[in-house]
Amino acid sequence: PVSADPSQLEQLVFNLVLNARDAMPNGGEVTVRLRHETVERTRNVGDMSLTPGAYVVADVIDTGVGMDDEVRQRLFEPFFTTKEVNRGTGLGLAVCHGIVARHHGAIEVESAPGRGTRFTVWLPVWTGTISWARAQSASSNPGRSQPCGWAPASNDSNGRHATSPHGATGMHAPWPSHTVPGPH
């Protein structure tokens, strides 16, 4: 697990998947994978750096239109958007960047026009212990970091999750071309 505000993790995943959906106007596939990774020495990731230690790593991968270098360079700027007017504020990825930074992680994007996009998020594994009283206090105080189960899991009964021998877990879903339109 990671030590994080669960609502911020939900926001992080929601924004990444929503952007993946928007990048596939004619349909496509979104894949979300979780895995463990150990960083042996300090590593720069975009404008962030990872210190040595254990991380839970999430990949959000789409088969959408992809991005060029110019867009990738500005991706996490507040109010930067490539979407049509009234289709986005340009805050979603800036919020993702902020959430990851507050949790001492890193976020990286790989993309090319016509080749889709992969966002990779690293969050440090939580290794502490927590008392029952502290757990009760954390759950009654939303917005505070607490241990939560954002970690690779086992297969579920309907086959949507697949676990590799290396501990990676993922979910793969087709996205139809007739997606629900954005806000009007």
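Scroll up to find the structure.
Throughout what follows, the structure given in this document is the object of discussion.

Conventions adopted
- Residues numbered from 1 in each chain as written.
- Predicted model: local features only at pLDDT ≥ 70, side-chain atom pairs only at ≥ 80, totals over all residues.
- Heavy atoms only, no water.
- Helix = DSSP H or I, 4+ residues; strand = E, 2+ residues; numbered from the N terminus.
- Buried < 20%, exposed > 50% of the residue type's maximum accessible area, 1.4 Å probe, protein only.
- Areas by Shrake-Rupley, 256 points an atom, 1.4 Å probe, with all protein chains shown as cover.
- Expected span 1.5 Å × (residues − 1).
- Phe/Tyr/Trp six-rings, centres within 6.5 Å; stacked < 30°, edge-to-face > 60°.

Here we take up the overall build of the chain. Broken down by element type, the chain carries four helices and ten strands. When its helices and strands are written in sequence order, the chain yields β-α-β-β-β-β-α-α-β-β-α-β-β-β. Counting only residues that meet the buried cut, the chain has 37% of its 184 residues in that class. In the structure as shown, the chain presents an accessible area of about 10800 Å², 53% of it carried by carbon and sulfur atoms.

A separate point is unusual backbone geometry. With a phi close to 60 degrees, histidine 104 is a non-glycine residue in the positive phi region. Relative to the helices and strands, histidine 104 is located in the loop between α3 (92–102) and β6 (106–111). Given a relative accessible area of 61%, histidine 104 falls into the exposed group.

An α-helical segment advances 3.6 residues per turn. Residues three or four places apart therefore align on the same side. End to end, helix α1 (residues 6–22) covers 24 Å across 17 residues, agreeing with the expected 24 Å (1.5 Å per residue, within 8%). Considered for burial, the residues of α1 that qualify are Leu9, Leu12, Asn15, Leu16, Val17, Asn19, Ala20 and Arg21.

Below, the discussion takes up the packing of aromatic side chains. The geometry of an aromatic ring pair is captured by the separation of the ring centres together with the interplanar angle, meaning the angle of the planes. One pass over the structure, following the stated rule, counts one aromatic pair. Both rings, one in phenylalanine 76 and one in phenylalanine 119, keep their centres 6.4 Å apart while their planes meet at 70 degrees; by these two values the pair is edge-to-face. With phenylalanine 76 in the loop between α2 (69–74) and α3 and phenylalanine 119 in strand β7 (residues 117–124), this residue pair connects regions lying 43 residues apart in the sequence.

Fair warning: the whole summary comes from geometry, so function is off the table for now.
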